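Single-letter residue listing:
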Amino acid sequence: MNSTGRFAPSPTGPLHAGSLVAALASWLDVRARGPQAKWLVRVEDADTERCLPGMGDTILEQLAACHLVPDAPPLWQTQRVSLYQRALDRLASAGRAYPCGCSRKDIDQALARLGQAHQRHGERIYPGTCRNGLHGKPARAWRLRVPDGDVRWTDRRLGAQNQDVSAEVGDFILKRADGPWAYQLAVVVDDADQGITDIVRGEDLADNTARQILLQRALGLPTPSYLHTPLVLAADGQKLSKQNGAEALDTRTPGAALAALKAAAVALGLPTGTALTIHEALAGWVPAWRDLYNLAP
Ligand code: GLU
């Protein structure tokens, strides 16, 4: 199968220095595999509440200013909800997904009863209250029935990884009470539908991989290879993110775009050389990336 990679930004804010590292790395990873390999862009606007109007187009313009142009027109998740519904229907009819009627308060009370005020990254670990039925409550969300045991995978940069999703995350949400599709379901359905073979994204997303592998298995979909890129830290040592107001990349002039790309290349451990144009810089980094990640030319 031809290699296919992707960059999947959420339009919750413009591209910042950290997101450009992931975009450049996924672009290089594809280009280093030769002319048959494809690089795609998907605008992850499924979580409509967090998205800002016009931001998807702004991100595509920022990418284009950096000459990171996808090999097919970008996909927008809001246009793909029927695919997500079909996947959820399949999971539900196979007994792999179930409706949940718990509010946050119900979950807190159940956890307190179990003596587990247990949270992970500020999120409650669902205690499984509705696994065997709604007990007369109306459905508020759909959850995946997570099997017990470790999920193991190998990241191309981070090496062997392992997470017991049932113990560390619990039965996670596929569709929320208030309507939007959860990132985990949308990303797995889209990656498979777009034939993505090689996922390259920021290390802040590594922790989602085990959940996504469980969903791939539950839906009978292939598991792509994963590479999580180093995070760019702000001056105060915090991770750069749209949530903590990371500055938008300035790509208004070719010089500014080249400077942004060079900073991203440094973060990836690539030499910045003396390239004069963006095009030359990108072409020059392809063989260096191939050396770093031992891809066949
Ligand atoms: N849309 C996600 C984000 O911007 C990335 C999804 C992914 O690469 O898997 O954080």
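Each value, and the rule that gives it
- Residues numbered from 1 in each chain as written.
- Predicted model: local features only at pLDDT ≥ 70, side-chain atom pairs only at ≥ 80, totals over all residues.
- Heavy atoms only, no water.
- Near = heavy atom within 4 Å.
- Polar contact = N/O pair within 3.5 Å; in protein donor to acceptor, adjacent residues only side chain to side chain.
- Nonpolar A, V, L, I, M, F, W, Y, C, P; charged D, E, K, R; others polar.
- UniProt positions renumbered as here; feature names shortened; annotations may be inferred.
- Helix = DSSP H or I, 4+ residues; strand = E, 2+ residues; numbered from the N terminus.
- Contact = heavy atoms within 4.5 Å.
- Buried < 20%, exposed > 50% of the residue type's maximum accessible area, 1.4 Å probe, protein only.

## Some thoughts on the site of the ligand
Then, number 1: As a matter of local geometry, the ligand sits amid Arg-6, Ala-8, Pro-9, Ser-10, Glu-44, Tyr-183, Val-187, Arg-201 and Leu-205.
Then, number 2: Between the ligand and Arg-201 there is a distance of 2.8 Å, counted from an oxygen atom to a side-chain nitrogen or oxygen.
Then, number 3: Across the shell around the ligand, the residue classes break down as five nonpolar, one polar and three charged.

## Observations concerning the UniProt feature "short sequence motif: 'HIGH' region" (unreviewed entry) in the protein chain
Then, number 1: When the UniProt feature table is mapped to this numbering, "short sequence motif: 'HIGH' region" (unreviewed entry) covers residues 9–19.
Then, number 2: Secondary structure content for residues 9–19 is 27% helix and 0% strand, while the C-alpha to C-alpha distance between its ends is 8 Å.

## Remarks on the side chain of Lys-175
Then, number 1: Among the structural elements, Lys-175 can be located in strand β10 (residues 173–175).
Then, number 2: There is a polar contact of 3.1 Å between the side chain of Lys-175 and the backbone oxygen of Gly-179.
Then, number 3: Look past the residues within four positions of Lys-175 in its chain and what remains in contact with it is Gln-85, Leu-88, Ala-141, Trp-142, Pro-180, Trp-181 and Ala-182.

## As for unusual backbone geometry
Then, number 1: A positive phi angle is found at His-135, which is not glycine, with a value near 50 degrees.
Then, number 2: Structurally, His-135 is set in the loop between β6 (123–124) and β7 (141–144).
Then, number 3: The phi dihedral of Asn-294 is positive, around 50 degrees, even though this residue is not glycine.
Then, number 4: By secondary structure assignment, the location of Asn-294 is in the segment after α9 (278–293).

## Description of the UniProt feature "binding site: L-glutamate" (unreviewed entry) in the protein chain
Then, number 1: With numbering matched to this structure, UniProt assigns "binding site: L-glutamate" (unreviewed entry) to Arg-6, Phe-7, Ala-8, Pro-9, Ser-10, Glu-44, Tyr-183 and Arg-201.
Then, number 2: Locating Tyr-183 in the fold gives a position in helix α6 (residues 183–193).
Then, number 3: Under the relative-accessibility criterion, Tyr-183 is labelled partly exposed at 28%.
Then, number 4: Mapping Arg-201 onto the fold places it in strand β11 (residues 198–202).
Then, number 5: Its relative accessible area of 3% is what places Arg-201 among the buried residues.
Then, number 6: Leaving out residues up to four positions away in the same chain, Arg-201 has contacts with Arg-6, Ala-22, Tyr-183, Thr-209, Gln-212, Tyr-226, Leu-227, His-228 and Thr-229.

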